Amino acid sequence: MTPSPHHARPGQRGDGGAGGRDALEGFSAVTRDWFTAAFAAPTPAQAQAWAAIGKGENTLVIAPTGSGKTLAAFLWALDRLAAVPAPDDPKQRCRVLYISPLKALAVDIERNLRAPLTGIRHTAQAMGHAEPDISVAVRTGDTGPDERRRLATRPPDILITTPESLFLLLTSKARDALRSVDTVILDEVHALAGSKRGAHLALSLERLDALSPGRPPAQRIGLSATVRPAETVASFLGGARPVTIAAPPSSKELDLQIVVPVEDMTDLDPPPGAAEDGADGPAQRRSIWPHVEERVLDLIEQHRSTIVLDRK
């Protein structure tokens, strides 16, 4: 019988006990100093996740976009990679495997890891510690043959890949590069659970654990948007092993404004450049659209990103 997943205790609001400085106690001084300099405090999702991940538990982190899920999954692994020397055998260097259902997301993750890696390295230097040398690489269907051979002989500390590429790795000689993996991070797990791709990936995860029979199975960390029932996704993530669900309460706050670009819609000014004698016609002179367009342009110039929807 498959063990039932269990829930982490709900984190408190605000600083949140475990959501404040206490959540960072298990990290090294270098990682703690970098995080507190970069962020005001851990998010509730991060605090709950680290409480479980730090104890070696398989963990499913369920939280909305912008809650720091990716860093919640990676920071323990980065801290461990920085503190523990790499194996002498370069072929056994890969210890963290990140799996994304989308190639584009895999590339984004590689880019997003640069900030914490650079920050931890600079913090270590400032504190007089040896600078950690943590390598990251991406292996997808777009990876060229030369790079694939290099990854097989000199794998990175963190390998970012997709379910299909993982299957190809496990069924080739390159699987030896995965024998030292002790952490598997599965992103967007809700998009895979219950699908054919998910069933295929579940088999690959079991094959990954079977590569090194004498070692404990890799810790699995799943990241998901809000999903119900959470227990179903947790069972998919853990297989036959229990999974802690870190799902702090969350609510979306909408900042909604209704904006009318003119003071009086019954008395519209002519648009800029309109003919004084009315040659353009009364309909054009009294149209609200030039005012709407001008207001939209103002909003675009005031913000970094804007989505304009036309309901015509």
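Everything below is about the structure shown above.
None of the values given here were measured: they were computed from a predicted structure.

Section: the pattern of salt bridges
Here is step 1 of the chain: Going through the model one piece at a time under the given rule, you end up with 15 salt bridges.
Here is step 2 of the chain: Salt-bridge contacts for Arg93 lead to Asp157; the nearest nitrogen and oxygen are separated by 2.8 Å. In this pair, Arg93 sits in the loop between α3 (69-83) and β3 (96-99) while Asp157 sits in the loop between α6 (145-153) and β5 (158-161), placing the two residues 64 residues apart along the sequence.
Here is step 3 of the chain: We note a salt bridge from Glu206 to Arg220, for which the minimum N-O separation is 3.1 Å. You can see Glu206 sitting in helix α8 (residues 196-210) and its partner Arg220 sitting in strand β7 (residues 219-224), a full 14 residues away along the chain.
Here is step 4 of the chain: Overlapping salt bridges, with partners in common, bring together Arg93, Arg95, Asp133 and Asp157 in one network.

Considering the pairing of β3
Here is step 1 of the chain: Of the two faces of β3, the one holding Val96 and Tyr98 and the one holding Leu97 and Ile99 are both buried throughout.
Here is step 2 of the chain: By the bridge criterion, four bridges tie β3 to β5 in an arrangement that is parallel. Bridge pairing in β5 links Val96 to Ile158.
Here is step 3 of the chain: Direction of pairing for β3 relative to strand β6 (residues 183-186): parallel, over a ladder of four bridges. Counterpart to Ile99 in the pairing with β6 is Leu186.

Parameters and conventions
Residues numbered from 1 in each chain as written. Predicted model: local features only at pLDDT ≥ 70, side-chain atom pairs only at ≥ 80, totals over all residues. Heavy atoms only, no water. Salt bridge = Lys/Arg side-chain N within 4 Å of Asp/Glu carboxyl O. Helix = DSSP H or I, 4+ residues; strand = E, 2+ residues; numbered from the N terminus. Buried < 20%, exposed > 50% of the residue type's maximum accessible area, 1.4 Å probe, protein only. Pairing = 2+ DSSP bridges.

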